[in-house]
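# Close look at the chain arrangement
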Amino acid sequence: MSLRVGDRAPAFSRTAHDGKTIELGGELPQVLVLYFYPADETTGCTMEACRFRDDYEAFTDAGAVVVGVSPDGLDSHRRFAEHHRLPFSLLSDGDGELRRKYDVGRTLGLIPGRVTYVIDRKGVIQHVFDSQLRARKHVDEALEVVRRLRG
């Protein structure tokens, strides 16, 4: 099964590195940009996280919240967020449950995939971008969609 634009986003509830509980199940208070990335402190993932950080105000001004997901543990996420001054929540998916729910595979069967979802306030997927190599484009496309949803 592959998730597409127009599908309902799978429900979940997880505690983030910053102690916030991130829940998706019904109506959302804001548009959600949920981005899956391979690992903390790797070159591409750091670049992507820092781009989300640098554009964070534009996302929040447009009515969205950004949440990152990787297999790393919460301690790793805390260090990563502190090191790069990330203003958004990071979720640990060490058990792979969220990746399975969101159909985020592996590149070459080894590296956890890089996929970004934009989910509207009704919990419906409005955009999916899947590219291991074009990390910067994840941020650009997500922000464009969030602005379009705002009207």
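Residues numbered from 1 in each chain as written. Predicted model: local features only at pLDDT ≥ 70, side-chain atom pairs only at ≥ 80, totals over all residues. Heavy atoms only, no water.

### Re the overall build of the chain
Heads up, the rule is: Secondary structure is summarised from DSSP: a helix means a run of H or I of at least four residues, a strand means a run of E of at least two, and numbering begins at the N terminus for each. Based on C-alpha atoms, the radius of gyration is set beside the globule rule, defined as 2.2 Å times the residue count to the power 0.38. The buried label goes to any residue with under 20% of its type's maximum accessible area, the exposed label to any with over 50%, and the partly exposed label to all in between, with areas taken from a 1.4 Å probe on protein chains only. Whether two residues are in contact is decided by their heavy atoms: any pair within 4.5 Å suffices. For the area figures, the Shrake-Rupley method with a 1.4 Å probe applies, and any residue is considered shielded solely by the protein chains shown. Residues scored as positive are Lys and Arg, those scored as negative are Asp and Glu, and His as well as the terminal groups of each chain are ignored. Note on charges: their place is set at NZ of Lys, CZ of Arg, CG of Asp or CD of Glu.
When helices and strands are tallied, the chain shows 5 helices and 9 strands. Seen in sequence order, the chain has helices and strands lined up from the N terminus as β-β-β-α-α-β-α-β-α-β-β-β-β-α. Scaling as 2.2 N^0.38, a compact globule of 151 residues should have a C-alpha radius of gyration of about 15 Å, and the chain matches this with 14 Å. Every one of the 151 residues in the chain was classed for burial, and the buried ones make up 52%. Across the chain, every contact between residues at least 6 apart in sequence was considered, and the portion connecting residues at least 24 apart equals 66%. As presented, the chain carries roughly 7500 Å² of accessible surface, and 48% of it is formed by carbon and sulfur atoms. In the chain, which carries 22 positive and 23 negative side-chain charges, the distance between the mean positions of the two groups comes to 2 Å.

### Some details on helix 3 (residues 74-84)
The criterion, for reference: Read the arc as the range of directions from the helix axis to the C-beta atoms.
Considered for burial, the residues of helix 3 that qualify are Ser76, His77, Phe80, Ala81 and His84. Projected onto a plane normal to the axis of helix 3, the buried residues spread over an arc of 130 degrees and lie on a single side. Exposed side of helix 3, more than 90 degrees from the buried face: Arg79, Glu82 and His83 are the residues found there. Note on helix 3: the residue one or two positions beyond its end, Arg85, has a positive phi of about 50 degrees.

### A word on the side chain of Ser70
Along the chain, Ser70 turns up in strand 4 (residues 64-70). Beyond its immediate chain neighbours, meaning those up to four positions away, Ser70 contacts Tyr37, Pro38, Ala39, Asp40, His77, Leu91, Ser92, Asp93 and Arg99.

### Things to note about the sheet that holds strand 3 (residues 31-36)
Which entries qualify depends on this criterion: Here the rule is simple: two strands pair whenever DSSP picks up at least two bridges between them. Every axis in this analysis is a line fitted to C-alpha atoms, fitted for helices over the stretch in contact. Angles between the N-to-C directions lie between 0 and 180 degrees.
Taken in spatial order, the 5 strands line up as 5-4-3-8-9 in an open sheet, and their pairing is mixed. In this open sheet, the two edge strands, each paired with only one partner strand, are strand 5 (89-92) and strand 9 (125-130). Taken over all neighbouring pairs, the strand axes of this sheet differ in orientation by 20 degrees on average, direction set aside. Both strand 8 (residues 115-119) and strand 9 contribute to a ladder of 5 bridges, which runs antiparallel. Paired with Ile119 across the two strands is Ile125, which belongs to strand 9.

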